[in-house]
Amino acid sequence: GGADKCVIIWTNKLEGILKYTHNQPIQCIQYNPVTHQLASCSSDDFGLWSSEQKSVSKHKLQAKATCCSWTNDGQYLAIGLYNGQISIRSKLGEEKVKIERPGNAPVWTIAWNPSKDDTDILAVGDWGKRLSFYHLSGKQIGKDKMLGFDPCRLSFLSRGEYIVIGG
């Protein structure tokens, strides 16, 4: 997915087998870790595609998407938005939780903790120089951590015991 507004699904033989478009440039894409459903997010909508579907299911967003991440069980997709909110959607695209965050700083990076011991915990980095954590229910865990820089990407180690943040 890219600025040309197109998403192309490629085979391992570098053959483009499917191409679909959004009305705006693609901001982020991510495969579901369980079902291999693809989420593609643009400035005004997001699409869900799987090989079992004939067409892409598209859903409107209330603000520009900046990042997305699937839960470990593949049941929910979190979408970070430029207006500072986070929309948690079912794998069918229905909004289940909307997280309204103070300050409205653009959410720039999100990731679900891959730990099997914890319930789903979402790490959020925003351009208010903050790191925050949330439960799947939308309830914040602890207080915001001030970073001193704008986080551009965060990622957990494979068991979730550490997080790395670049910015």
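These notes cover the structure that comes with them.

So, how was this worked out
- In every chain, residue numbers begin from 1 and rise along the written sequence.
- Predicted model: local features are reported for residues with pLDDT of at least 70 only, side-chain atom pairs are reported and counted for 80 or more only, and whole-chain, interface and lining totals are derived from all residues.
- As a rule here, side-chain values come from all non-hydrogen atoms in the structure, and water together with hydrogens is ignored.
- Working definition: with a 1.4 Å probe on protein chains only, accessible area under 20% of the residue-type maximum means buried, over 50% means exposed, and in between means partly exposed.
- In this description a helix means any DSSP run of H or I spanning at least four residues, a strand means any run of E spanning at least two, and both kinds are numbered starting from the N terminus.
- Strand pairing requires that DSSP identify at least two bridges connecting the strands.
- In this analysis the probe radius is 1.4 Å and the grid spacing 1 Å, with only protein atoms considered; a cavity is a set of points the probe fits into but cannot get out of, a pocket is an open set with protein on both sides within 12 Å along at least five of seven lines, and lining residues have an atom within 4 Å of a point.
- Grid points are joined across faces, edges and corners, and a volume is the space filled by probe spheres set on the points.
- Throughout this entry, Asp, Glu, Lys and Arg are counted as charged residues, while Ala, Val, Leu, Ile, Met, Phe, Trp, Tyr, Cys and Pro are counted as nonpolar. The remaining residues, Gly among them, count as polar.
- Classification of ring pairs rests on two measures: the distance between centres of Phe, Tyr or Trp rings, Trp counted by its six-membered ring, which must be within 6.5 Å, and the angle between planes, read as stacked under 30 degrees, edge-to-face over 60 and tilted in between.
- Fitted lines through C-alpha atoms serve as axes, helices being fitted only where they are in contact, and the angles separating the N-to-C directions of these axes extend from 0 to 180 degrees.

Take the pairing of strand β4 (residues 38-42) next. Burial of β4 is extensive: five of the five residues sit out of reach of the surface. What you see with β4 is no split at all: L38, S40 and S42 on one side and A39 and C41 on the other are buried throughout. As paired elements, strand β3 (residues 26-31) and β4 share five bridges and run antiparallel to each other. Along β4, the bridge assignment pairs Q30 with A39.

To find leftover empty space, a probe the size of one water molecule is rolled over the atoms. Considering only enclosed or pocket space, the largest pocket measures out at about 400 Å³ in volume. Forming the walls of the largest pocket are 23 residues, and the residues nearest its centre are Q30, C68, S69, I110 and R153. When contributions to the lining of the largest pocket are tallied by element, the ones reaching two or more residues are β3, β7 (65-70), β11 (107-112) and β15 (153-156). Tallied by class, residues from the lining of the largest pocket come to 15 nonpolar, seven polar and one charged.

Okay, the packing of aromatic side chains next. Counted under the stated rule, the structure contains two aromatic pairs. Look at Y82 and W108: their rings are 6.2 Å apart centre to centre, the planes differ by 65 degrees, and that puts the pair in the edge-to-face class. Separated by 26 residues along the polypeptide, Y82 in the loop between β8 (76-81) and β9 (86-90) and W108 in strand β11 bring together distant segments of the chain. Classification of Y82 by relative accessible area gives partly exposed; the value is 43%. By way of ring pairs, the aromatic residues Y82, W108 and W127 are connected into one cluster.

Another point: unusual backbone geometry. The phi dihedral of K5 is positive, around 75 degrees, even though this residue is not glycine. On the secondary structure map, K5 appears in the segment before β1 (6-10). For K5, a relative accessible area of 34% puts it in the partly exposed group. Non-glycine residue N104 carries a positive phi angle of around 55 degrees. Its place among the elements puts N104 in the loop between β10 (95-99) and β11.

In spatial order, the strands read β7-β8-β9-β10; together these four strands make up an open sheet with antiparallel pairing. Strands at the two margins of the open sheet, each flanked by one partner only, are β7 and β10. In this sheet, adjacent strand axes meet at a mean angle of 20 degrees when their direction is disregarded. In the sheet, β8 pairs with β9 via five bridges, with the strands oriented antiparallel. Pairing of A78 across the sheet is with I88, part of β9.

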